[in-house]
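Tertiary structure, described
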Amino acid sequence: MNQEKDDHEKLNIRIANEADSGIVLGFIKDLAEFEKLAKEVRATDEIIRENVFRKKYAEVLIAEYKDLPVGFALYFHNFSTFLGRPGIYLEDLYIRSEFRGKGFGKQLLIYLAKLARQRECGRVEWAVLDWNEKAISFYKSLGAIQLNDWIVNRVTGSALENLADEPCASWIGE
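Let me sum up the structure you'll find in this document. For clarity, every value in this text was computed on a predicted model and none was experimentally measured. (Residues numbered from 1 in each chain as written. Predicted model: local features only at pLDDT ≥ 70, side-chain atom pairs only at ≥ 80, totals over all residues. Heavy atoms only, no water.)

1. Focus on the side chain of Ser21
Where we set the bar: Numbered from the N terminus, helices here are DSSP runs of H or I no shorter than four residues, and strands are runs of E no shorter than two. Note on definitions: a residue-residue contact is assigned when non-hydrogen atoms from the two residues lie within 4.5 Å.
Within the element layout of this structure, Ser21 appears in helix 2 (residues 21-34). Other than its neighbours up to four places away in sequence, Ser21 contacts Asp45, Ile48, Arg49 and Phe53.

Here it is, written out as C-alpha cells:
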C-alpha cells in the first residue's frame, strides 16, 4: 500500500458544527498568515459562531488526520443565471503546512465535487492568489480552468458603507 493511500485511510472529512468555531477561526488565522494577510482578519469566535453556524451563511468541512484537525474548506452556495442552477463557491481551502503533499486538499475538493453533484449544482468555483503557483498548478491538475477574462470586484469597509448610504429606489429594509 502506498503512503498516500495509507494517509487517505486515516483521513476523516466531516461537516463542522458550532463547537468547532475555534478550530475554524484557527484555520482562518493560519491561512491569513500564509497569504500575508493576517492584519485583515476581523473574525472572532463569536462572529464565526453567529454567521456560519447559527445564521448558516456558509458551511465548513474539517479534515482530520489521526483525529487531529489538519485542514478545512469553507464554502457557500451561489447561483448561475446562465445554468439556472446553484453552484458551490469555495471561499477558503487550507491544509496546515506540515500535512501538505498528502493529498488532503484534493480529498476536500473531491468531497465538495460529490456534494455539488448531490445538490445538483452546476459548478464549483474559487479564487486563487496569482502568486500561489503551487496551488495554481494543483488546481489545473484537477481540471480546473482559470477565468483570466473575469476580474473580481469587491466593495468593503468605508466604500461599502458609502454605497449603502446612497438612496435606493424601493428599499424596504428599514
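2. A short note on unusual backbone geometry
For Lys66, which is not a glycine, the phi torsion comes out positive at approximately 55°. Relative to the elements of secondary structure, Lys66 occurs in the loop between strand 2 (59-65) and strand 3 (68-80). Phi is positive for Asp67, which is not a glycine, with a value near 70°. Structurally, Asp67 is set in the loop between strand 2 and strand 3.

3. Some details on the pattern of salt bridges
To be explicit about the condition: When a carboxyl oxygen of Asp or Glu lies within 4 Å of a side-chain nitrogen of Lys or Arg, that pair is called a salt bridge. Note on classification: 1.4 Å probe, protein chains only; a residue is buried when its accessible area is under 20% of the maximum for its type, exposed when over 50%, partly exposed between these limits.
Under the definition given, this model contains eleven salt bridges. Here Asp45 ties to Arg49 by a salt bridge, and the two come within 2.8 Å at their closest N and O atoms. In this pair, Asp45 and Arg49 are both assigned in helix 3 (residues 45-54), four residues apart and thus about one turn of the helix distant. By relative accessible area, Asp45 is classed as partly exposed at 28%. When salt bridges with common partners are traced through the structure, they connect Glu18, Asp45, Glu46, Arg49, Glu50, Arg54 and Lys55 into a single cluster.

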